[in-house]
Amino acid sequence: MVEIGTGAGVSGIHLLRGMRPDGVLTTVDSEPDRQQLARQAYREAGIAANRSRFICGRALDVLPRLTDGGYDLVFCDADRLECLDYLDESLRLLRPGGVLCFEGAFAQGRALDAAHQDAESLHLRELMRAVRDSPRLAPVLLPTDDGLLCAVRRA
Ligand SMILES: C[S@@+](CC[C@H](N)C(=O)[O-])C[C@H]1O[C@@H](n2cnc3c(N)ncnc32)[C@H](O)[C@@H]1O
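Residues numbered from 1 in each chain as written. Predicted model: local features only at pLDDT ≥ 70, side-chain atom pairs only at ≥ 80, totals over all residues. Heavy atoms only, no water.

**Points about the domain arrangement of the chain**
No. 1: One can read the domain layout of the chain as domain 1 (1-66) and domain 2 (69-155).
No. 2: The C-alpha centroid of domain 2 is placed 19 Å from the C-alpha centroid of domain 1.
No. 3: Taken together, the contacts link 15 residues of domain 1 with 14 residues of domain 2.
No. 4: Of the roughly 1,300 Å² buried between domain 1 and domain 2 on both sides combined, carbon and sulfur atoms contribute 65%.
No. 5: Together, V2, I4 and L60 form the three largest contributors to the area buried by domain 1 at its contact with domain 2, with a combined 42%.
No. 6: For the pair domain 1 and domain 2, the number of links is one salt bridge.
No. 7: Of the charged contacts in the structure, one is a salt bridge between E82 and R58, with a shortest N-O distance of 3.3 Å.
No. 8: Seen at the junction of domain 1 and domain 2, the total is eight residue pairs in polar contact (both at pLDDT 80 or more). (Domains from an automatic or database assignment. Contact = heavy atoms within 4.5 Å. Buried area = accessible area lost by both parts, 1.4 Å probe. Salt bridge = Lys/Arg side-chain N within 4 Å of Asp/Glu carboxyl O. Polar contact = N/O pair within 3.5 Å; in protein donor to acceptor, adjacent residues only side chain to side chain.)

**Some details on the side chain of E82**
No. 1: Within the element layout of this structure, E82 appears in the loop between β4 (71-76) and α4 (83-93).
No. 2: Every residue in contact with E82, bar those within four places of it in the chain, is listed here: R58, A59 and L60. (Helix = DSSP H or I, 4+ residues; strand = E, 2+ residues; numbered from the N terminus.)

**Describing the site of the ligand**
No. 1: Residues in contact with the ligand amount to 19 residues; listed here are only the nearest, S11, D29, R34, A59 and D77.
No. 2: Between the ligand and the protein, one listed contact pairs a nitrogen atom with a backbone N or O atom of G5 at 3.2 Å.
No. 3: At a separation of 2.9 Å, a nitrogen atom of the ligand approaches a polar backbone atom of A59.
No. 4: For the shell around the ligand, the per-class residue count stands at five nonpolar, seven polar and seven charged.
No. 5: Split by domain, the shell around the ligand shows at least three residues from each of two domains, domain 1 (1-66) and domain 2 (69-155). (Near = heavy atom within 4 Å. Nonpolar A, V, L, I, M, F, W, Y, C, P; charged D, E, K, R; others polar.)

Written out as C-alpha cells, the structure reads:
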C-alpha cells in the first residue's frame, strides 16, 4: 500500500493492522518530523520495522518513482490542492482491483456547499466529478466524519 501524508501515523497504523501480516506500507510525507513521530507510533503499536517504508519528500516528486501497478491501495491524506495529481498517480500505481481512498473529501462540509468557492473546495468537487465519471473506476463516497472517497480500479 501507499500512503500520501504520513502525519503522526494514525492512519498508517490502521492500514498496517488491516493488511496481511507480510504487507508493507510505503508512506510519504514532506515533513521529516512527522515521519519521526509516525515511526515512534508504529513502534509503540508493535508494528515490525520491516513492514513500513518511509519516504521523505513532496508527494509529486516521490510518487513518479514508485512502481506502476505495484500497489493494492493508495490512501491520500496530504495536500488537497494536489488531489487531481494524486488521482492520476494512483491510477498508475494501483493494480487492477486495487483501491484508492481520499480522506477529508468533504473539507468540513465546504466541498458539498456550492456557496464555498475556495480553492480546496473547487479542487475536491473536481476530484469527485473525475472519480465518478472515470470509466476506469467504480466509486463510493462514504459519509465518515469528513468524507472518505474510495474507488476500485477496474481491470
Ligand atoms: C492530515 S496530515 C496526515 C495525517 C495522517 N494520515 C494521520 O492519520 O496521522 C497531512 C500530512 O500531509 C503532509 N503533506 C502536506 N502536503 C504534502 C505534500 N505535498 N507532499 C507530501 N506530504 C505532504 C503534511 O506534512 C502532513 O503530515
